[in-house]
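One-letter residues, chain by chain:
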Amino acid sequence: MSGEIDDLDEQIEIVVGRKAPFSMVPDWVSLYPASKSHPQYAGKIVSATAKFIYNVLAMHVNVTRGDSACWPSRKTIAQILGFSREQSVDPYLDQLDEADIIDREPITRPNGARGVRYIVHQTPPDGYKGDHSLDEYYRRRRALEAAKLTRPPGRPRKAEAAETGHSAPAPAAVTKSAESAVDELVRTAAAEWWAQAEELARQGSMKPVGTDRQKERAQGNLTARIRDALDAGHDLELVKFVLRELREWGPAKAKFERALKTYQGKTPEEIELDKAAQSGATKWWEVAQARVADKKMGPLLADTKRQETGYFLNLRTRIRTALNAGYSREIIWQALMELGEWSPAKREFDLALRRLSGVQQKRGGRKPLFSNDQWKHKEAPAPGAATGTPDAPDLSVFGVQSDDAA
């Protein structure tokens, strides 16, 4: 028996990895809200870059001195972070200062140059309501996830107790009558769309649902999408409209939410304009690619997918604006073909639309009231002869009378 224990002791070894000097970043700094969408956002953010700068400042604190002060230059901080300009660190230092994570004091260096003395705080300021530790972060996140479950499986979860020992306040209870009314709306809307989808599938406008497993999953997604949309305050008619537009048995969550955001608050006429502009832009994009292949247009100069998307959105905006102004689709298409641009500029597109629709363009500015010959008095115009100058306007239409009228 003792031999087995000795063998076990020989197999268990403590392995230490490579060690080096390090600087500690407090948990509350790492967990500080980094965006306005953070559930604990309270008017201040500390981005990931600002948190890295905090680490750089902590590296410069002399722990043997016993204080929390350091004074690295902005140039040093910028070089460590890889910035080409030292001014680039200023917004992130402002974030740390505004969140009371650091303090800044002006100083004069021994060589007479001005600098900044940083006080690096390791504990949060008084009244800080964010997560102080990783344990608090996970407790809060579990509570948020539990609150999202409208119908959690099994027994309902109990609210997590706070550090003070008091249980967290329970969310406002939903009455059974209100909950049953929402359930009935969800069931009715889901059944209505399912019947429409089956009819569209018979007509060949939608792909039929596959196996029973796929059907069950699609029905679950459909019910969840409708319920989430109603819980978020969206109108039921908008939800039905989005389902008809997407034409999917059980749309994905992200796609469905984007569609709700796109169509929310728009009239049917505005939605039709959006659809027509999207269709026209897509068609022109296809034609432009064919024209590039035929050497009738130059290729699209876009380095990234983001730039290409920007050009397409600009084209769609031009087409929608033209449709909204009353130009026909034929005139818009002629203008695109005439300009031969992937995404024409607003002024060029506007001029082309006016010209193709028959609007007379201004040419050469104002005409002179007198010809050069009349100015030079080379020959006087014959009495009663036309001078080529425009007739004097009838000022009576403006409510005044000409001085010559008598």
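Please refer to the structure higher up on the page.
Computed from a predicted structure; not experimentally measured. (Residues numbered from 1 in each chain as written. Predicted model: local features only at pLDDT ≥ 70, side-chain atom pairs only at ≥ 80, totals over all residues. Heavy atoms only, no water.)

**So, the overall build of the protein**
Then, in step 1: Helix and strand counts for the protein come out as 15 helices and three strands.
Then, in step 2: Per-residue burial for the protein yields a buried fraction of 25% across its 406 residues.
Then, in step 3: The long-range share in the protein, meaning contacts at least 24 apart out of those at least 6 apart in sequence, stands at 57%.
Then, in step 4: Summed over all atoms, the accessible surface of the protein reaches about 29300 Å², with 52% contributed by carbon and sulfur. (Helix = DSSP H or I, 4+ residues; strand = E, 2+ residues; numbered from the N terminus. Buried < 20%, exposed > 50% of the residue type's maximum accessible area, 1.4 Å probe, protein only. Contact = heavy atoms within 4.5 Å. Areas by Shrake-Rupley, 256 points an atom, 1.4 Å probe, with all protein chains shown as cover.)

**Focus on the nonpolar core**
Then, in step 1: Ile226, Val242 and Phe256 are the most contacted members of the largest nonpolar core, which totals 26 residues.
Then, in step 2: Within the residue set of this core, elements represented by two or more residues are helix H7 (176-203), helix H8 (212-231), helix H9 (236-246) and helix H10 (253-263).
Then, in step 3: If sequence neighbours within four positions are ignored, Val242 has contacts with Phe256, Ala259, Leu260 and Tyr263.
Then, in step 4: If you look at the next biggest cluster of nonpolar residues, it comprises 23 residues, including Tyr32, Leu57, Ala78 and Ala99. (Core = buried A, V, L, I, M, F, W, Y, C linked by side-chain atoms within 4.5 Å.)

**As for the packing of helix H13 (residues 329-339) against helix H14 (residues 346-356)**
Then, in step 1: Two elements in contact, H13 and H14, have axes separated by 9 Å at closest approach and are oriented at 120°. Between H13 and H14, the interaxial angle falls into the category oblique. With respect to the hand of their crossing, H13 and H14 are arranged in right-handed fashion. The residues of H14 that touch H13, namely those facing Ile331, Ile332, Gln334, Ala335, Leu336, Glu338 and Leu339, are Glu348, Phe349, Ala352, Leu353, Arg355 and Leu356.
Then, in step 2: The class makeup of the residues in the contact of H13 with H14 is nine nonpolar, one polar and three charged. (Axes fitted to C-alpha atoms, helices over the stretch in contact; angles between N-to-C directions. Parallel < 35°, antiparallel > 145°, perpendicular 65-115°, else oblique. Left-handed = near helix turned anticlockwise from the far one by under 90°. Nonpolar A, V, L, I, M, F, W, Y, C, P; charged D, E, K, R; others polar.)

**Some points on the pairing of strand S3 (residues 114-120)**
Then, in step 1: Looking at chain direction, strand S1 (residues 69-70) and S3 are connected through two bridges and run antiparallel. Paired with Cys70 across the two strands is Tyr118, which belongs to S3.
Then, in step 2: Judged from the seven bridges that link them, strand S2 (residues 102-108) and S3 form a sheet pairing that is antiparallel. When the bridges of S3 are listed, Asp103 appears paired with Ile119. (Pairing = 2+ DSSP bridges.)

**Some words on a nonpolar patch on the surface**
Then, in step 1: Taken together, the side chains of Phe52, Met59 and Ile80 make up a nonpolar region of the molecular surface, amounting to roughly 270 Å² of accessible area.
Then, in step 2: Take Met59: it is sitting in helix H3 (residues 48-60).
Then, in step 3: Given a relative accessible area of 46%, Met59 falls into the partly exposed group. (Patch = residues over 30% accessible without salt bridge, like charges linked within 9 Å, V, L, I, M, F, W, Y side chains within 5 Å. Salt bridge = Lys/Arg side-chain N within 4 Å of Asp/Glu carboxyl O.)

**Overview of the packing of aromatic side chains**
Then, in step 1: Counted by the stated rule, this structure contains nine aromatic pairs.
Then, in step 2: When the ring of Phe241 is compared with that of Tyr263, the centres are 5.2 Å apart and the planes differ by 85°; the resulting orientation is edge-to-face. Note that Phe241 is positioned in helix H9 and Tyr263 in helix H10, a separation of 22 residues in sequence. Tyr263 shares its class with Phe241; the two are buried. (Phe/Tyr/Trp six-rings, centres within 6.5 Å; stacked < 30°, edge-to-face > 60°.)

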